[in-house]
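Here is what each chain is made of, one letter per residue.
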Amino acid sequence: MAKSVFTGVRISGVAGAVPKAAVNNLTDHQFCSAEDRKKIVDLTRVASYRKAPPEMCASDLCLAAAEALLSGLGRRPEEIDAIVFATITPDYRVPSTACVLQHRLQCRTSVVAYDISMGCSGFVVGLYNACSLIKGAGLKRVLLLAGDTQSKLCHDQDKNVVFLLGDGGTATLLEADPDAGDIVVEVMTDGGRFQNLYVPAGGFRRPSSEATRQVREQPDGGMRSEDDLYMNGMEIFKFSATDVVKTLTGFMEAEKLSPEHIDQLFLHQANGFMNDKIARKLKFPAEKVPYTIGFYGNTGSASIPLTMAHHFSQQGSTGRTRCLVSGFGVGLSWGVATFGIDGICAPPVVELP
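Here is what the cut-offs are and how they apply
- Residues numbered from 1 in each chain as written.
- Predicted model: local features only at pLDDT ≥ 70, side-chain atom pairs only at ≥ 80, totals over all residues.
- Heavy atoms only, no water.
- Helix = DSSP H or I, 4+ residues; strand = E, 2+ residues; numbered from the N terminus.
- Rg over C-alpha atoms; globule rule 2.2 N^0.38 Å.
- Buried < 20%, exposed > 50% of the residue type's maximum accessible area, 1.4 Å probe, protein only.
- Contact = heavy atoms within 4.5 Å.
- Areas by Shrake-Rupley, 256 points an atom, 1.4 Å probe, with all protein chains shown as cover.
- Lys, Arg positive; Asp, Glu negative; His and termini not counted.
- Charge placed at Lys NZ, Arg CZ, Asp CG, Glu CD.
- Expected span 1.5 Å × (residues − 1).
- Bend = angle between axes of the 7 residues up to and from the residue.
- Pairing = 2+ DSSP bridges.
- Axes fitted to C-alpha atoms, helices over the stretch in contact; angles between N-to-C directions.
- 1 Å grid on protein atoms, 1.4 Å probe; cavity = no way out; pocket = protein on both sides within 12 Å on 5 of 7 lines; lining within 4 Å.
- Points joined across faces, edges and corners; volume = space filled by probe spheres on them.
- Nonpolar A, V, L, I, M, F, W, Y, C, P; charged D, E, K, R; others polar.
- Phe/Tyr/Trp six-rings, centres within 6.5 Å; stacked < 30°, edge-to-face > 60°.
- Parallel < 35°, antiparallel > 145°, perpendicular 65-115°, else oblique.
- Left-handed = near helix turned anticlockwise from the far one by under 90°.

A. Structural context of the overall build of the protein. Within the protein, the regular secondary structure consists of 8 helices and 17 strands. Since a compact globule built from 353 residues should have a radius of gyration of about 20 Å, the 19 Å found for the protein is in line with a globular shape. Dimensions along the principal axes, computed over C-alpha positions, put the protein at roughly 55 × 45 × 35 Å. Expressed as a percentage of its 353 residues, the buried residues of the protein come to 55%. Restricting the contact set of the protein to residue pairs at least 6 apart, pairs at least 24 apart contribute 79%. As displayed, the protein offers around 14800 Å² of accessible surface, 51% of which is attributable to carbon and sulfur atoms. With 35 positive and 38 negative side-chain charges, the protein shows a spacing of 3 Å between the two charge centroids.

Below, the structure is given as structure tokens:
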């Protein structure tokens, strides 16, 4: 396991941005019957989600979130020392999108900027990186961007994913602060199961071709090509209900935490039924587990900070709040983190037309 304790790092603010256009799972997706659409919504709890138009990328959403956050905090782009961008939907194969965002944000050329190719666990892994840059490299302020436009990875008639995966972008500012409490992060990886959630073709291992781009009905009943995202839903559910719960339980025991000590549990917004099961196994009351999956869908790396941004912009943050977060999925990879926040800046979630 990779577990670290970072002392003297503060999460100053979090902001989110989503496309304005919404997909209604009960009325759209006409390739499915109305009865099937209702069954899927009842199971996943995803009534709608936001979908980016073809010209909108995850970087555009993260840029909007970053601008809203910096404005809310009264920070200038030149005060940022590093940009860490967690995404599985970059603008280009080359270069890192973080390099492009350095210019678009008008940060200094001396800024550290790189991408992390992580999806569902991207925020937790990004948090690990951001804290490491502050504590290990002596940086003062790191802008953690986490966002995905996962709808671009899906065939629009694959019922296994098209009802779940939405688009969103976020920005979180971490700052060196000697008075801040600990941020504890643990990350896990099992690449032996990567084929349960991946895009089979289109990379350098198996380049895209006319054959891989052919759309056909798959054994699981979904319509897609090998260039589209494949998800083995049953295996991902088993992974979440076993490995993720086991890691969360062990983490809480090691940190001497119980649901009574935690104010908010922010889970990756994978699936409503799945998340309910995780929360129940950990014995968390429903009021301590905020959800956004019902109206934003599963937004990949953005889902945890987007849920935080929505929650704190709606509820506010008064006094010290102890948070427990967990991201899990693509990789397969998963991670857990706990931290306290006090008076966090959380502007309203931006909607990009």
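From this point, the discussion proceeds with the structure in view.
B. Representation of helix α5 (residues 233–254). Taking 1.5 Å per residue as the helical rise, α5 with its 22 residues ought to reach 32 Å, and the 30 Å between its terminal C-alpha atoms agrees with that figure. Ser240 marks where α5 bends most, by close to 30 degrees. Every buried residue of α5 is listed here: Ile236, Phe239, Ser240, Ala241, Val244, Val245, Thr247, Leu248, Phe251 and Met252. Among the residues trailing α5, Lys256 stands out with phi positive, at a value near 55 degrees.

C. The arrangement of the sheet that holds strand β7 (residues 141–149) in detail. In space, the 6 strands of this open sheet follow the order β6-β5-β7-β8-β2-β17, with mixed pairing throughout. Single-partner strands in this sheet number two, and they are β6 (112–116) and β17 (350–352). Geometrically, the sheet is characterised by an average inter-axis angle of 20 degrees between neighbouring strands, direction not taken into account. Two elements, strand β2 (residues 9–19) and β17, share 3 bridges in a ladder whose sense is parallel. When the sheet's bridge partners are listed, Pro19 is paired in β17 with Leu352. Here helix α3 (residues 97–105) sits on the sheet and contacts β5 (82–86), β6 and β7; the angle it forms with β5, its principal contact strand, is near 130 degrees.

D. Spotlight on helix α8 (residues 303–315). In a regular helix each residue adds 1.5 Å, so 13 residues correspond to 18 Å; α8 covers 18 Å between its end C-alpha atoms and thus fits that length. Just past α8, the residue Gly316 takes up positive phi, approximately 75 degrees.

E. Inspection of the layout of surface pockets at higher detail. For the largest pocket, the calculated volume is near 1200 Å³. Looking at the largest pocket, it is lined by 34 residues, and the ones nearest its centre are Ile88, Pro90, Ser117, Leu153 and Val199. Only β6 and β10 (197–198) provide two or more residues apiece to the lining of the largest pocket. Residues of the lining of the largest pocket, tallied by class, amount to 18 nonpolar, 9 polar and 7 charged. Each pocket or cavity is described by its volume, and for the second largest pocket that value is around 780 Å³. Along the walls of the second largest pocket sit 36 residues, with Asn160, Leu164, Met231, Gly233 and Asn271 positioned nearest its centre. Where the lining of the second largest pocket is concerned, the elements lending two or more residues are α1 (34–44), β13 (230–231), α5, α6 (272–281) and β15 (320–329).

F. Structural detail: the packing of aromatic side chains. As enumerated under the stated definition, the model contains 8 aromatic pairs in all. For the pair Phe239 and Trp334, a centre-to-centre distance of 5.2 Å together with 80 degrees between the ring planes defines the contact as edge-to-face. Taken together, the residues Phe239 in helix α5 and Trp334 in strand β16 (residues 333–342) connect sequence positions 95 residues apart. Measuring from centroid to centroid gives 4.8 Å for Phe295 and Tyr296, while their planes differ by 70 degrees, and the two rings are edge-to-face. Relative accessible area serves as the criterion here: at 32%, Phe295 is assigned to the partly exposed category. By relative accessible area, Tyr296 is classed as buried at 7%. Put simply, the rings of Phe194, Tyr198 and Tyr230 touch in pairs and so form one group of aromatic residues.

G. Region of the structure containing the packing of helix α2 (residues 58–73) against α3. Contact geometry for α2 and α3: axes closest at 11 Å, N-to-C directions at 45 degrees. Here α3 runs oblique to α2, going by the angle between their axes. Note that α2 runs across α3; the crossing there is right-handed. Facing α2, whose interface residues are Ser59, Asp60, Leu63, Ala66 and Glu67, α3 presents Thr97, Leu101, Arg104 and Leu105. Split into classes, the residues belonging to the contact of α2 with α3 amount to 4 nonpolar, 2 polar and 3 charged.

H. Up close: the packing of α5 against α6. Axis separation between α5 and α6 bottoms out at 10 Å; the angle between their running directions is 30 degrees. On the basis of the axis angle, α5 is roughly parallel to α6. Every pair of crossing elements has a handedness; the one defined by α5 and α6 is right-handed. Contacts between α5 and α6 involve Ile236, Phe237, Ser240, Ala241, Val245 and Leu248 from the former and Phe273, Met274, Lys277, Ile278 and Lys281 from the latter. Taken together, the residues of the contact of α5 with α6 break down into 8 nonpolar, 1 polar and 2 charged.

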